[in-house]
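Reading the structure
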Amino acid sequence: MYPIIDSHCHIYPEKIAAKAVAGIGKFYDMVLPNLGTVEDMVKKSKAAGITHSIVFSVATTVQQVRSINEFIADEVKKSNGFFTGLGTLHPDSTDVKGDLDRLLELGLKGVKLHPDIQGFKVDDYRCLKIYELCEKKGLPVLLHTGDFRYDFSNPNRVKPILETYTDLKVIGAHFGGWSVWERAVEELSGYDNFYVDCSSSFYCLKPDEVLKMIRKYTAERVLFATDYPTWELKGEIDYFLSLDLTEDERELIFYKNAVKLFGLDLEI
C-alpha cells in the first residue's frame, strides 16, 4: 500500500468542535459523519490507512487568527509527526505581516483561506498583501475554490492572482472549483503555479470525469485530500484507488506532490 498524505483536514478544539461541524453542515446543507476533534480525526485517519495529515482551521474574524494558529501549532507538536500544520490569516487584520511572522515562528508550513466562509473575494485588494508576503516567504496558499451560489472564489477571481503572483504556489481545493468543476479545469489548468486537491469532489463526479481533470491539471499538480470532517475517509481512499491511474500517478497524488509542495521531512 502507498503512503497516504491527506492534504486537507479541518480540526477544532474539543469544546467548539460540535458547533463548528454543525456550522459546516448548515453551510453545505448536509450532515457530516465525523466529530471534527483531533482525537476523532487521528483515529479514523489511521484506521483508513492515512500516514500523515495536513491540518488547519479558518479564522472567520481577525480576533481568531493568532489563537487558531497557536492551537494548530500545539496540535502539530503533540501529534508525534502525524500532522503538518497550515496557518490562517484574515485580510481585515491591521498587522498581516505580524500575523504571518508569528505563523512562521510557530513552524506552520502554509496558509489556508476560505473566502466563501470568511466573506471576501479572492482578488479583493485587501488580500493582496497576504499573497505578496506568502510569495516572498515561499509559503503555499491553500484556497477554498468554487461555489455556484456565490462569487467569492470562482475561477474568474482566482485567475488574476495566478497571473499577478507568478511565484506564489496556490492550491485550489476541490479540483479548483467546488460545484463549478468543469469551468475551473478549463480556465485554471494552464497555470504552472496552480495546484489542486481532490477533496469534496468524488461524491458528485463520475470516475471518467475525475480522470479527465487529473490529466488536464496533470498528476504532478494534484493532491489527495479528504476534507475531514466532511466525508467518510475510507470511502474517499477507495474511490481514488478505483481510478484507472498509473502507479506513478497514484504515488504523486497520494504523497509525493505534498512532500514537495509543503517541504515535508518525512520518513516514507
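Please refer to the structure higher up on the page.
So, here's what we can say about the structure.

Rules of the game
- Residues numbered from 1 in each chain as written.
- Predicted model: local features only at pLDDT ≥ 70, side-chain atom pairs only at ≥ 80, totals over all residues.
- Heavy atoms only, no water.
- Salt bridge = Lys/Arg side-chain N within 4 Å of Asp/Glu carboxyl O.
- Helix = DSSP H or I, 4+ residues; strand = E, 2+ residues; numbered from the N terminus.
- Buried < 20%, exposed > 50% of the residue type's maximum accessible area, 1.4 Å probe, protein only.
- Core = buried A, V, L, I, M, F, W, Y, C linked by side-chain atoms within 4.5 Å.
- Pairing = 2+ DSSP bridges.
- Axes fitted to C-alpha atoms, helices over the stretch in contact; angles between N-to-C directions.
- Contact = heavy atoms within 4.5 Å.
- Polar contact = N/O pair within 3.5 Å; in protein donor to acceptor, adjacent residues only side chain to side chain.

**Brief notes about the pattern of salt bridges**
- Overall, the coordinates contain 19 salt bridges when judged by the stated rule.
- Between K78 and E75 there is a salt bridge, with its nearest N and O atoms 3.3 Å apart. You can see K78 and its partner E75 sitting in helix 3 (residues 65-78), three residues apart, about one turn around the helix.
- For E75, a relative accessible area of 12% puts it in the buried group.
- D124 serves as the salt-bridge partner of R126, at 3.1 Å between the closest nitrogen and oxygen.
- For D124, a relative accessible area of 17% puts it in the buried group.
- Residues joined in a network through salt bridges with shared partners are R66, D95 and D99.

**Some points on the nonpolar core**
- Counting residues in each nonpolar core, the largest one holds 85 residues, and the members touching the most others are L113, Y131, F175, F194 and F224.
- It is helix 11 (residues 247-262) that provides the largest number of residues to this core, a total of seven residues.

**Observations regarding the sheet that holds strand 2 (residues 52-56)**
- Taking strand neighbours across the sheet as the criterion, the three strands line up as 1-2-3 in an open arrangement whose pairing is parallel. Two strands bound the open sheet, and with one partner strand each, they are strand 1 (5-10) and strand 3 (83-85). Averaged over neighbouring strand pairs, the angle between their axes works out to 30 degrees when direction is ignored.
- In this structure, strand 1 lies alongside strand 2, joined through four bridges in parallel fashion. Each bridged residue has a counterpart across the sheet, and for H10 the counterpart in strand 2 is F56.
- Helix 3 rests against strand 2 and strand 3 of the sheet, and its axis sits at about 155 degrees to strand 3.

**Regarding the side chain of Q118**
- You can see Q118 is positioned in helix 5 (residues 115-118).
- A distance of 3.1 Å separates the side chain of Q118 from the backbone oxygen of L89, its partner in a polar contact.
- Residue contacts for Q118: discarding those within four places in its chain leaves V58, A59, T88, L89, H90 and L113.

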